[in-house]
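# Analysis of the macromolecular model
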Amino acid sequence: MITRQTDVAVIGTGTAGLSAYRAARQAGKQALLIEDGPYGTTCARVGCMPSKLLIAAAEAAHAAQHGAPFGVHVDGTVRINGREVMARVRSERDRFVGFVLESVEGIPAADKLRGRARFLSDTVLDVDGHTRVEARSVVIATGSRPVVPEAYAGLGERLLVNDDVFEWQDLPRSVAVYGPGVIGLELGQALARLGVTVRLFGRSGSLGGITDPEVAASALAAFQQEFYLDAKATVHSVVRQGDQVEIRYVALDGSECTERFDYVLMATGRRPNVDDIGLEHTSAVLDEHGVPLHDKETLQVQSTATDGTQGLPIFIAGDATAELSLLHEAADEGRIAGRNAANWPNVEAGQRRAGLSIVFSEPQIAKVGPGYRALSKQQDIVTGEVDFSNQGRSRVMLRNKGKLRVYAAPDSGRFLGAEMAGPSAEHIGHLLAWALQQQMTIPQMLEMPFYHPVVEEGLRTALRDVAGKLKMA
Ligand SMILES: Cc1cc2nc3c(=O)[nH]c(=O)nc-3n(C[C@H](O)[C@H](O)[C@H](O)COP(=O)(O)OP(=O)(O)OC[C@H]3O[C@@H](n4cnc5c(N)ncnc54)[C@H](O)[C@@H]3O)c2cc1C
Ligand SMILES: NC(=O)c1ccc[n+]([C@@H]2O[C@H](COP(=O)([O-])OP(=O)(O)OC[C@H]3O[C@@H](n4cnc5c(N)ncnc54)[C@H](O)[C@@H]3O)[C@@H](O)[C@H]2O)c1
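In this text the structure is predicted, and so the values were computed from the model without any measurement. Sequence order as written defines residue numbering, which begins from 1 separately in each chain. To label them, take the chains in the order written and letter them from A, then take the ligands in the order written and number them from 1. Totals for whole chains, interfaces and linings use every residue, but because this is a predicted model, local features are given only for residues with pLDDT of at least 70 and side-chain atom pairs only at 80 or more, for both listing and counting. Heavy atoms from the whole structure form the basis of all side-chain values; hydrogens and water molecules are not counted.

### Re the domain arrangement of the protein chain
What fixes the domain bounds is an automatic or database domain assignment. According to the domain assignment, the protein chain consists of domain 1 (2-37 + 115-146 + 271-343), domain 2 (150-268) and domain 3 (356-472). Computed over C-alpha atoms only, the centres of domain 1 and domain 2 are separated by 35 Å.

And the structure:
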């Protein structure tokens, strides 16, 4: 067993870990990156990038098949070559991963250690029994993994998670997707558009992280026009039958159905990788899911010690926090955690941005701020809305589906957030997140320019709606 000393030990070389490492080095400290899996990050290898590549192919297929209402006809069939689709997904994915690998290669060998890290105490780690790492502080940046309910274990290799999809050589004929959350919607709709028979089954009725019931209802209606989606499905049985999976379920029309699928894709949520890292040997306080309690602004883990004058030299960042599983949040949190770990015991609150999340389905989904459910629990809110069915530019493009709802404070007129399912949600979401971070009021937002004819005119309709209600309030 070798013993190594460092100022900051970072567990995990994903987006959060790399960002923490750089911040610690910039603060003038030694740092050691510990990784037991492949380098390349979840985002580039099996997350953001390959999923968007699959969606891009699906959009091309969809556009080729849906020109008729514009008078644009494809004579003959649109042929989707699954091998070519997957070859592009993999090769472009590899290109993105290649950039990450280059940056990891640029890190001095002495700052990298391979193996699985587990805490022996607050600042001592065991790495696969070959190295003992003694650090002044530690950053947990271990990411998350898909949750696979035990009940489905019998499906063997017919049971997939997102990682497996991006290794496919060809598209399968049929897939049952479990979980209409972000991953299930993005991948399920993309596969359906690429000609795969898809059934998307939910359990609780939730959809793509939307918490506003009106936005959720409009999104559900739009998705159901295009592919099979039951957000609150009754599934009687799921059994392996040879090379397929047989599912007995109650269809949306109430009939009993038995259908066979090539695969079941599990997209029922992700769990932070904090359950097997020896946290029981530290003085961290854990919540009921085993995640260390931590300060959201400093990312410092809370201690059980009662004297607690200096706070614990443990920090946490990225998906491991079990909060916002988003790339830009992982990068920000890594930076804050890395800097604070380097400067411990002097820790400072880092700058957090306005909340923004986007689902790259069609219609796209965007949430700005804490969302309707959380806001309406905290305070009185005034809402304004636009339905995109008759919004000018959206109708021109035949993308006139969905709804946007904006929320404001009745006393100050301050913009508090929004939820949307509709066209250009990725862009409107950004405008709204910037307005939120700038603490703008609804009247100030209406003073901004709106071009014609653009989807953003729909946003203006919603803002005018809420402005009128604010005046009455
Ligand atoms: C299919 C999919 C699509 C996504 N799309 C988007 C998107 O479009 N936009 C967006 O913002 N976000 C998206 N996300 C989320 C985003 O990918 C994650 O939030 C982000 O990658 C998290 O980064 P991280 O550094 O926390 O974790 P990771 O990148 O997973 O890094 C964690 C690292 O820690 C290592 N590790 C774990 N335990 C140990 C240990 N004990 N010892 C040593 N090493 C360890 C792991 O091997 C891993 O390399 C998507 C996720 C998925 C799955
Ligand atoms: N575009 C993006 O930014 C993007 C894309 C993909 C993933 N992500 C991140 O990854 C995280 C994880 O994504 P996810 O989709 O796995 O989780 P999720 O929490 O978004 O969705 C899980 C869904 O599965 C449902 N569910 C749970 N158990 C079920 C069961 N037994 N049967 C059927 N349905 C069940 C839940 O009700 C929920 O709708 C997201 O929260 C997001 O932060 C982001």
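### A closer look at the environment of F70
Going along the chain from the N terminus, every DSSP run of H or I of four or more residues is numbered as a helix, and every run of E of two or more is numbered as a strand. Residue placement: F70 occurs in the loop between α3 (48-65) and α4 (82-105). Between two residues, a contact is recorded if the distance between any of their heavy atoms is within 4.5 Å. Contact partners of F70, with chain neighbours within four places excluded, come to V396, M397 and L398.

### Here we look at the site of ligand 1
In the neighbourhood of ligand 1, 35 residues make up the surrounding shell, with E35, T42, K52, D319 and L327 lying closest. At a separation of 2.5 Å, an oxygen atom of ligand 1 approaches a polar side-chain atom of E35. Definition of a polar contact: a pair of N or O atoms within 3.5 Å, with one able to donate and the other able to accept a hydrogen when the atoms are protein atoms, and with sequence-neighbouring residues admitted only if both atoms are side-chain atoms. K52 places a polar side-chain atom, nitrogen or oxygen, 2.7 Å from an oxygen atom of ligand 1. A total of 1000 Å² of accessible area belongs to ligand 1 in isolation, and the protein chains cover 91% of it. We call a residue near a given molecule or strand whenever any one of its heavy atoms falls within 4 Å of it. A 1.4 Å probe and the Shrake-Rupley method give the accessible areas. Residues count as covered only by the protein chains that appear here.

### Here's the deal with unusual backbone geometry
Here the residue pair E362 and P363 is connected by a cis peptide bond, since its omega of 0 degrees sits within 30 degrees of zero. Tracing the backbone shows P363 in the loop between β18 (356-359) and β19 (364-368). Omega for the bond connecting H452 with P453 falls within 30 degrees of zero, at -5 degrees, which places this linkage in the cis form. Along the chain, P453 falls in the loop between α12 (442-446) and α13 (456-472). The phi dihedral of D128 falls on the positive side, at around 50 degrees, and the residue is not glycine. Considering the arrangement of structural elements, one finds D128 in the loop between β5 (124-127) and β6 (131-140). In this structure, S424 takes a positive phi of about 55 degrees despite not being glycine. Burial here depends on accessible area, computed with a 1.4 Å probe over protein chains only, as a share of the maximum for the residue type. Under 20% is buried, over 50% is exposed, and the range in between is partly exposed. Its relative accessible area of 14% is what places S424 among the buried residues.

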